[in-house]
Amino acid sequence: MDANRLAFRQWKVVPRMLVDTTKRDLSVELFGERYDTPVLMAPVGVQAIFNEAKEIGLAKACADIKVPYIMSTASSSTIEEVAASSGAGPRWFQLYWPQDNEITQSILKRAQDNGFRVLVVTLDTWSLAWRPADLDQAYIPFFKGVGNQVGFSDPVFRKKFAEGNDGKTPEQDIGKASQAWIASVFAGRSHTWEGLAKLRETWKGKIVLKGIQHVDDA
């Protein structure tokens, strides 16, 4: 028997019969908290291009059904707006890790202050993807300021942008502000394992590393 078939036989679930299914419990404990189901809403960015309710609408829907909502750094709503919409609903924050430590710390503090419980750090997207379909249509929403609201609303990013652009706000020069935000978040170079210590200095909750692909990293 080959290894794949053997592994399947070892791990397959064999259902039991004549079990009372009147009361079913799908709950799961993750990082010290119990959730009703093993389902989470994955981080999806730039939701303004799908629905006018943006991330705010989805966060509220997830809160209504008690599914943890993972907010993307590439959101078209702010951290504060999503938190207000989510209310008491469980929420996690996905981080596209900026190169600027002060901006990173500011974003993480905002997320913590607004009730985000788990930090999901994306490791495999340190460069902006250039998809053929996007290139064919010359369509990258970030360059038009869509999906940059986490950055544009951040006080540290706004302060640094104003200092380098004659006191302007991101809203006064969306093109240049978008370039500045993208240059920090998708800088084309990765962080290192040592950099995780910087995140831990600010983030006191649980940290999940998203995008692990090699067994040695795992």
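The structure presented is a predicted model; accordingly, all values stated were derived computationally and were not measured.

Attention now goes to the pairing of strand β4 (residues 91-96). Strand residues, when the strand is regular, have side chains that alternate between the two faces of the sheet. In terms of burial, β4 is a largely internal element, six of the six residues being buried. Residues Arg91, Phe93 and Leu95 point to one face of β4 and Trp92, Gln94 and Tyr96 to the other, with burial holding for every one of them. By the bridge criterion, three bridges tie strand β3 (residues 69-71) to β4 in an arrangement that is parallel. The residue of β4 that forms the bridge with Tyr69 is Arg91.

So, about helix α7 (residues 155-164). By the N-cap criterion, in which a side-chain oxygen at the helix start approaches the backbone nitrogen of a residue two or three places on, α7 is capped by Asp154, the distance to Val156 being 3.1 Å. Where α7 ends, the next residue or the one after it, Asp166, has phi of about 55°, a positive value.

Turning our attention to the pairing of strand β5 (residues 118-122). Of all the five residues making up β5, five are buried; the element is thus mostly covered by neighbouring parts of the structure. Burial of the side chains of β5 extends over both faces: Val118, Val120 and Thr122 are buried on one face and Leu119 and Val121 on the other. Bridge analysis of β4 against β5 gives four bridges, and the strand direction is parallel. When the bridges of β5 are listed, Gln94 appears paired with Val120. For the handedness criterion, the β-α-β arrangement of β4, helix α4 (residues 101-113) and β5 is classed as right-handed.

Turning our eyes to something else, we now look at the packing of aromatic side chains. Remark: the centre distance and the inter-plane angle together describe each pair of aromatic rings, the angle taken between the planes. As enumerated under the stated definition, the model contains eight aromatic pairs in all. Taken together, the ring pairs connect Phe152, Phe157, Phe161 and Trp181 into an aromatic cluster. Over the aromatic face of Phe116 sits the side chain of Arg91, whose NZ or CZ is 5.5 Å from the ring centroid.

Let's shift gears to the nonpolar core. Formed by 35 residues in total, the largest nonpolar core has its most connected members in Met71, Phe93, Leu95, Ile107, Phe116 and Phe142. Once residues lying within four places of it in the same chain are set aside, the contact partners of Phe93 are Met71, Thr73, Ile79, Ile107, Ala111, Phe116, Val118, Leu119, Val120 and Val150.

Moving on, we get to the packing of helix α2 (residues 54-64) against helix α3 (residues 79-86). Each pair of packed helices can be summarised by the angle the axes make with each other and by the distance between the axes. Contact geometry for α2 and α3: axes closest at 8 Å, N-to-C directions at 30°. Comparing their axes, α3 and α2 come out roughly parallel. As for the relative orientation of α2 and α3, their crossing is right-handed in sense. In this structure, α2 uses Glu55, Ile56, Ala59, Lys60 and Ala63 to contact α3, whose residues at the interface are Glu81, Val82, Ser85 and Ser86. Here the contact of α2 with α3 is built from residues that sort into four nonpolar, two polar and three charged.

Moving on to the packing of α4 against α7. It is the contact of α4 with α7, at a shortest axis distance of 8 Å, that shows an interaxial angle of 150°. Along the contact surface, α4 presents Glu102, Ile103, Ser106 and Arg110, while α7 presents Pro155, Val156, Phe157 and Lys160. When grouped by side-chain class, the residues that make up the contact of α4 with α7 number four nonpolar, one polar and three charged.

This part is about a nonpolar patch on the surface. Taken together, the side chains of Val44, Ile49, Phe50 and Tyr139 present a nonpolar region at the surface, about 360 Å² in accessible area. You can see Phe50 is positioned in the loop between β2 (33-35) and α2.

In this structure, Leu18 takes a positive phi of about 55° despite not being glycine. With a relative accessible area of 92%, Leu18 lands in the exposed category. One non-glycine residue, Asp166, lies in positive phi territory at about 55°. Residue Asp166 is classed as exposed on the basis of its relative accessible area, which comes to 78%.

Attention now moves to the side chain of Ser184. Relative to the helices and strands, Ser184 resides in helix α8 (residues 174-185). Among the residues examined, Ser184 registers a relative accessible area of 10% and is labelled buried. Discounting residues that sit within four places of it in the chain, Ser184 has contacts with Trp97, Pro98, Gln99 and Asp100.

Reading the values: the criteria
- Residues numbered from 1 in each chain as written.
- Predicted model: local features only at pLDDT ≥ 70, side-chain atom pairs only at ≥ 80, totals over all residues.
- Heavy atoms only, no water.
- Buried < 20%, exposed > 50% of the residue type's maximum accessible area, 1.4 Å probe, protein only.
- Helix = DSSP H or I, 4+ residues; strand = E, 2+ residues; numbered from the N terminus.
- Pairing = 2+ DSSP bridges.
- Polar contact = N/O pair within 3.5 Å; in protein donor to acceptor, adjacent residues only side chain to side chain.
- Right-handed = clockwise from strand over helix to strand, strands pointing away.
- Phe/Tyr/Trp six-rings, centres within 6.5 Å; stacked < 30°, edge-to-face > 60°.
- Lys NZ or Arg CZ within 6 Å of the ring centre and 35° of its normal.
- Core = buried A, V, L, I, M, F, W, Y, C linked by side-chain atoms within 4.5 Å.
- Contact = heavy atoms within 4.5 Å.
- Axes fitted to C-alpha atoms, helices over the stretch in contact; angles between N-to-C directions.
- Parallel < 35°, antiparallel > 145°, perpendicular 65-115°, else oblique.
- Left-handed = near helix turned anticlockwise from the far one by under 90°.
- Nonpolar A, V, L, I, M, F, W, Y, C, P; charged D, E, K, R; others polar.
- Patch = residues over 30% accessible without salt bridge, like charges linked within 9 Å, V, L, I, M, F, W, Y side chains within 5 Å.
- Areas by Shrake-Rupley, 256 points an atom, 1.4 Å probe, with all protein chains shown as cover.
- Salt bridge = Lys/Arg side-chain N within 4 Å of Asp/Glu carboxyl O.

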